[in-house]
Amino acid sequence: APDISVAAVKAHLTQLQSIATANGGNRAHGRPGYLASVNYVKGRLDAAGFTTVVQSFTYGGATGYNLIADWPGGDVNDVLMTGAHLDSVTAGPGINDNGTGSAAILETALAVAAQDLTPGRHLRFAWWGAEEQGLRGSTHYVNSLTAAARAQITGYLNFDMVGSPNPGYFVYDGDNSDGTGSGPGPAGSAVIESVIEGYFAGIGVPTRGTDFDGRSDYGPFIARGIPAGGTFTGAEGTKTSAQAALWGGTAGARFDPCYHAACDTTSNVDDTALDRNSDAIAHTVWTLSAGSGGGPG
Ligand code: PHE
Ligand code: CA
Ligand code: ZN
Ligand code: ZN
Ligand code: ZN
């Protein structure tokens, strides 16, 4: 897998910040900064050769949009999806939440195109709308699929907050090996978890599990039995002294002090966490796309 350039990921964050600044300070559902964000990402994908579709839906009296991008080729009965929510809350520009996940998967998609990857599985990327209103865009997408189209999706990777300024290195606990939170995810989630964990082990960064409870856009996928996984660097929670010993940073401080706040700007990102997670995403997409997800085809 390629080494994703964190400078390139950060250049996308600069663009998202500019979009928020030009549109009342946010990129929220129903606000002009959201559609401008969709158009920015779509423009980059179209130029790289992706087939893109903007899916609209209505929530709370406003039109929301999901951006879906398919990379031509691969087994369409064995689709590996990678997604991130592109909307912010109304309080701020949403650069860590979730410009980071959106930019990291965008740069991974652009790397797929740059390498002209010919994966075994079909690759589809998604940028979700209205996550902050309760996973509305991803739920709309999953519910809008026919049973046959849903069965073609054999895995889903989710990235929501991957550059927190006081970061933890969390991997969704798909096998419930931590025994906390909800139970294990659909069969196959454990494989995704182990591939992600393998990347971090290879760079010598310890990881910990985090609840696989549906608190981001993988929720509607696991509710339909689709294996899923992903990473997270922490939100409103406080880093413990044990976690600070493991990862550095500040014990007793929040992972993201600007969570859902006006100060979630381009200053609210840890470059090392963003770089490691971006590289983990590419590693996971490359590794999982080569093989079979066990789809019907
Ligand atoms: N979905 C949460 C938000 O956007 C962030 C989050 C992601 C929390 C993953 C827990 C786990 O605000
Ligand atoms: Ca990198
Ligand atoms: Zn949020
Ligand atoms: Zn989020
Ligand atoms: Zn686990």
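One can find the structure itself at the top, above this paragraph.
Each chain carries its own residue numbering, running from 1 in the written order of its sequence. All chains are assigned letters beginning at A, and all ligands numbers beginning at 1, according to the order in which they are written. Two thresholds apply to this predicted model, a pLDDT of at least 70 for residue-level local features and 80 or more for giving and counting side-chain atom pairs, whereas whole-chain, interface and lining totals are computed over all residues. Note that the side-chain values use all heavy atoms of the structure and ignore hydrogens as well as water.

Draft legend 1. Here's a closer look at the state of the cysteines. Cysteine sulfur pairs qualify as disulfides if the two atoms are within 2.5 Å. According to the stated counting rule, one finds 1 disulfide in the structure shown. Here Cys258 connects covalently by a disulfide to Cys263, the sulfurs 2.1 Å from one another. The disulfide joining Cys258 to Cys263 has a torsion of about -110° about its S-S bond and is therefore left-handed. Residue classification places Cys258 among the buried residues on the basis of a relative accessible area of 10%. Exposed residues in this analysis have more than 50% of their type's maximum accessible area, buried residues have under 20%, and partly exposed residues fall in between, with area computed by a 1.4 Å probe over protein chains only. Residue classification places Cys263 among the partly exposed positions, given a relative accessible area of 36%.

Draft legend 2. Quick look at the site of ligand 1. In the region of ligand 1, the neighbouring residues are His85, Asp97, Glu131, Glu132, Asp160, Met161, Arg215, Ser216, Phe232, Tyr259 and His260. Think of a polar contact as two N or O atoms within 3.5 Å of one another; within protein, one of them needs to be a possible hydrogen donor and the other a possible acceptor, and neighboring residues in sequence only count if both atoms come from side chains. Separating an oxygen atom of ligand 1 from a side-chain N or O atom of Asp97 is a distance of 3.3 Å. A 1.4 Å probe and the Shrake-Rupley method give the accessible areas. Residues count as covered only by the protein chains that appear here. Contact with the protein chains removes 94% of the 330 Å² of surface that ligand 1 exposes when unbound. Residues are grouped as follows: Ala, Val, Leu, Ile, Met, Phe, Trp, Tyr, Cys and Pro are nonpolar; Asp, Glu, Lys and Arg are charged; all remaining types, including Gly, are polar. By residue class, the composition of the shell around ligand 1 is 3 nonpolar, 3 polar and 5 charged. Any residue with at least one heavy atom within 4 Å of a molecule or strand is counted as near it.

Draft legend 3. A look at the pairing of strand 3 (residues 75-85). Secondary structure elements are taken from DSSP: a helix is a run of H or I of four residues or more, a strand is a run of E of two residues or more, and numbering for both begins at the N terminus. Among the 11 residues that make up strand 3, 8 are buried, leaving the element largely enclosed by the rest of the structure. Paired strands are those between which DSSP finds at least two bridges. Alignment of strand 3 against strand 4 (residues 121-128), held across 8 bridges, turns out to be parallel. Within strand 4, the residue paired with Ala84 across the bridge is Trp127. Looking down the strands as they point away from you, a crossover is right-handed if its path from the first strand over the helix to the second goes clockwise. A crossover links strand 3 with its parallel partner strand 4, the connecting element being helix 3 (residues 95-114), and its sense is right-handed. For strand 3 and strand 5 (residues 153-159), the ladder comprises 5 bridges, and the chain directions are parallel. Bridged to Gly83 within strand 5 is Asn158.

Draft legend 4. Quick look at the pairing of strand 5. The buried fraction of strand 5 amounts to 7 of the 7 residues, a majority that puts the element mostly inside the structure. Summarising the sheet, strand 5 and strand 8 (residues 228-232) pair through 4 bridges and their orientation is parallel. Following the sheet pairing, Asn158 is matched in strand 8 by Gly230.

Draft legend 5. Local environment of the side chain of Asn166. Checked against the element boundaries, Asn166 lands in the loop between strand 5 and strand 6 (170-172). The exposure class assigned to Asn166 is buried, which follows from its relative accessible area of 7%. A distance of 3.1 Å separates the side chain of Asn166 from the side chain of Lys239, its partner in a polar contact. Excluding residues that lie within four positions of it along the chain, Asn166 makes contacts with Thr233, Lys239, Gly249, Thr250, Ala253, Arg254 and Phe255. Contacts between residues were defined by any pair of non-hydrogen atoms, one from each residue, lying within 4.5 Å.

Draft legend 6. The coordination of the zinc ion (ligand 5), seen in detail. Note: metal donors comprise N, O and S atoms at 2.8 Å or less from the metal (3.2 Å for Na, K and Ca); water molecules are not included, so apparent gaps in a site are possible. Distances from the zinc ion (ligand 5) to its protein donors, namely Asp173 (OD), Asp175 (OD), Ser177 (OG) and Glu193 (OE), fall within the range 2.0 to 2.3 Å. Site shape is set this way: if four donors have all angles between 85 and 135 degrees, tetrahedral; if opposite donors are over 155 degrees apart and all others between 65 and 115, square planar for four donors and octahedral for six; otherwise irregular. Considering all 4 donor atoms around the zinc ion (ligand 5), angles at the metal cover 88 to 142° and the coordination shape is irregular. Donor residues for the zinc ion (ligand 5) sit on one chain with the sequence pattern D-x1-D-x1-S-x15-E. Overall, the relative accessible area of 4% leaves Asp173 in the buried class.

Draft legend 7. Spatial organisation of the sheet that holds strand 2 (residues 62-71). Pairing in this open sheet of 8 strands is mixed, and the strands run 1-2-4-3-5-8-6-7 from one edge to the other. The open sheet has two edge strands with one neighbour each: strand 1 (51-59) and strand 7 (208-210). Direction aside, neighbouring strands of the sheet carry axes that sit 25° apart on average. Note that strand 2 and strand 4 share 5 bridges and pair antiparallel. When the sheet's bridge partners are listed, Leu67 is paired in strand 4 with Trp127. Strand contacts of helix 4 (residues 136-144): strand 1, strand 2, strand 3, strand 4 and strand 5, with the helix running at about 110° to strand 1, the strand carrying the most contacts. Convention adopted: a line fitted to C-alpha atoms gives each axis, helices being fitted over their contacting stretch, and angles between N-to-C directions are expressed from 0 to 180 degrees.

Draft legend 8. Here's a closer look at the pattern of salt bridges. A pair is scored as a salt bridge if a Lys or Arg side-chain nitrogen falls within 4 Å of a carboxyl oxygen belonging to Asp or Glu. What the rule picks out here adds up to 5 salt bridges. One salt bridge connects Lys10 with Asp271, and the closest N-O pair in it is separated by 2.7 Å. Of this pair, Lys10 sits in helix 1 (residues 6-21) while Asp271 sits in helix 9 (residues 271-290), and the two are 261 residues apart along the sequence. Residue class for Lys10 comes out partly exposed when judged on its relative accessible area of 32%. Residue Asp271 is classed as partly exposed on the basis of its relative accessible area, which comes to 34%. Between Arg215 and Glu236 there is a salt bridge, and its shortest N-O distance comes to 3.2 Å. Of the two residues, Arg215 sits in the loop between strand 7 and helix 7 (219-223) while Glu236 sits in the loop between strand 8 and helix 8 (241-247), which places them 21 residues apart along the sequence.

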